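# Topology and contacts: notes
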Amino acid sequence: MKKIMFMLVAVAAMASSCTQSDVIGLSSDDNVEIRVSAGITSAVSPSTRAVLEGMINSGFTTDLDVSFARADEGSSGYTTYGAAALIGTVAADALSFAPAEYYLVSGKKTKLIGWYPRRSGVSYTQGTRVVDFGEIDGKTDLMATVLYEGSKGTKISSITFNHLLTQFSIKVYAPDAAAQGLWGTVSSIKIAEKKQTCTITLPAATETANTAAAPTFTGNSDLDLVNTDLTTSPASTINYPLTLGVGTAANAAQAGYAMFAPQTAGNVVLKIELSSGVTQTVNVPVPTTPTPAGFLHGHAYEITLKFSSSAITPTVSVVDWVPVTNTPEVEI
């Protein structure tokens, strides 16, 4: 599973001999500001992230707009999150809040939980604790953190954003020119019933740290592939109608990618429209190994479709999400 790591840093007051750059996150009344240095890490493979308009494959160069809900401990413990989501932005490897956020000067605790993206159409409702991302478009990553707790005395050391979606990238080829001519070109590929809406329900503010938000996916419309080749740098447009590659899988043509709800059983169905006007359906079985089984959130899968003279057969392999090269290590 791919993860995005944000290191939260808040330091105590320094001696008067320290430089201005040594004193980070202190206001005039000695509140401790929640300040963030941002690095991107991955649990199993090269680091990845997505930006507002989709995936990025050329470095940590685009602002990442995120939101957080905050709950503060009172005299009787926690009650609820604040009415408005906090506005956060990751830029130049640093996460900042606008306006700035501080730990409680009393020393009582604060809980934070975050999500991505922050943009028009994504809503947060305090009463229901629901974040509504709207309709999945296939190119925009959806992420959320677990619940974190800290105080000015015991600061939150890191926050990790986890992908909520799985990713398919699809390639197509025919074993020989005869099969290529038989099928013709590909007009479109859709992922059946995966153009859904997504909401997450934040855990109650009274829940313990590390509790995750619960995602819900609804709807059954078909999701178009994003006609972008993520294997090039910078990413390039895939032009349709698409000509099949010829020979072996190594010659397969990139058909595009999409991110959608994870699936743990059954088949993911692809609808392939050919230039002849005929639509073929292909069942891509959910992997049963390794465990846990399924097309999992935070995982990317390469689906290679072989158009032989008799049928279209898929093969599935696990691949990396689009890598970036900037993965700074933050020393406190």
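For every chain, the first residue of its written sequence is number 1, and the numbers climb from 1 along that sequence. Residue-level local features of this predicted model are given only where pLDDT is at least 70; pairs of side-chain atoms are given and counted only at 80 or more, and the full residue set underlies all totals for whole chains, interfaces and linings. The basis for every side-chain value is the complete set of heavy atoms in the structure, and neither hydrogens nor water enter the calculation.

### What to know about the packing of aromatic side chains
The rule is short: rings of Phe, Tyr and Trp, with Trp giving its six-membered ring, pair when the centres are within 6.5 Å, and they are stacked under 30 degrees, edge-to-face over 60, tilted in between. Tallied over the entire structure, the rule returns 7 aromatic pairs. With 5.0 Å between their ring centres and 80° between their planes, Phe168 and Phe260 make a pair best called edge-to-face. With a gap of 92 residues between them, Phe168 in strand β14 (residues 166–174) and Phe260 in strand β20 (residues 253–260) connect regions that are remote in the sequence. Residue Phe168 shares its accessibility class with Phe260, and that shared class is buried. An angle of 85° between the planes, with centres 4.9 Å apart, marks the rings of Phe295 and Tyr301 as edge-to-face. Across from the ring centre of Tyr78, 4.2 Å away, lies the NZ or CZ of Lys111, which sits over that ring. Runs of H or I in DSSP of at least four residues are treated as helices and runs of E of at least two as strands, each being numbered from the N terminus. Here's how the labels work: a residue is buried when its accessible area is under 20% of the maximum for its type, exposed when over 50%, partly exposed in between, all with a 1.4 Å probe on protein chains only. Lysine and arginine charges are scored as sitting over a ring when NZ or CZ, respectively, is within 6 Å of the ring centre and within 35 degrees of the ring normal.

### Quick look at unusual backbone geometry
The residue after Ala98, namely Pro99, is reached through a cis peptide bond having omega 0°. Assignment of secondary structure puts Pro99 in the loop between β7 (94–97) and β8 (110–116). The peptide bond linking Tyr240 to Pro241 adopts the cis configuration, its omega dihedral lying at 5°. With respect to the element layout, Pro241 can be found in the loop between β18 (236–237) and β19 (245–246). Within the chain, Arg129 stands out as a residue other than glycine whose phi angle is a positive 65°. In this fold, Arg129 is placed in the loop between β9 (123–125) and β10 (130–135). For Arg129, a relative accessible area of 27% translates into the label partly exposed. Here the phi dihedral of Asn210 falls at roughly 80°; this positive angle occurs in a residue that is not glycine.

### Quick word on the side chain of Lys171
Mapped onto the elements, Lys171 comes out in strand β14. Judged by relative accessible area, which is 13%, Lys171 ranks as buried.

### A few points about the nonpolar core
To define a nonpolar core, start from buried Ala, Val, Leu, Ile, Met, Phe, Trp, Tyr and Cys residues and group those joined through side-chain atoms within 4.5 Å. Core analysis: the biggest nonpolar cluster contains 32 residues, and Ile170, Val172, Ile191, Ile272, Leu305 and Phe307 have the highest contact counts within it. At the level of secondary structure, the elements contributing two or more residues to this core comprise β14, α1 (177–183), β15 (186–201), β20, β21 (267–274), β22 (279–285) and β23 (300–307). Contacts: residue pairs with any heavy atoms within 4.5 Å of one another. Not counting residues within four places of it along the chain, the set of residues in contact with Leu305 comprises Ile170, Lys171, Val172, Tyr173, Leu270, Ile272, Val282, Ile312, Thr313 and Pro314. Listed in part, the 27 residues of the second largest apolar core include Ala71, Tyr124, Ile136 and Ile200.

### Quick word on the pattern of salt bridges
Criterion for a salt bridge: a side-chain nitrogen of Lys or Arg within 4 Å of a carboxyl oxygen of Asp or Glu. Enumeration according to the criterion identifies 7 salt bridges in this entry. For the salt bridge of Asp224 with Lys190, the shortest nitrogen-to-oxygen distance reads 2.4 Å. With Asp224 in strand β16 (residues 214–224) and Lys190 in strand β15, this residue pair connects regions lying 34 residues apart in the sequence. The class of Asp224 is partly exposed, set by a relative accessible area of 39%. The salt bridge partner of Lys271 is Asp222, with a shortest N-O separation of 2.9 Å.

### Some words on the pairing of β15
Whether two strands pair depends on DSSP finding at least two bridges between them. As paired elements, β10 and β15 share 5 bridges and run antiparallel to each other. Note that in β15 the partner of Gly134 across the bridge is Cys198. Where β15 meets β16, 8 bridges bridge the pair, whose relative direction is antiparallel. If you follow Lys195 over to β16, its bridge partner there is Ser221.

### Points about the environment of Gly247
Mapped onto the elements of the fold, Gly247 is located in the loop between β19 and β20. For Gly247, a relative accessible area of 25% gives the class partly exposed. Every residue in contact with Gly247, bar those within four places of it in the chain, is listed here: Tyr173, Ala174 and Pro175.

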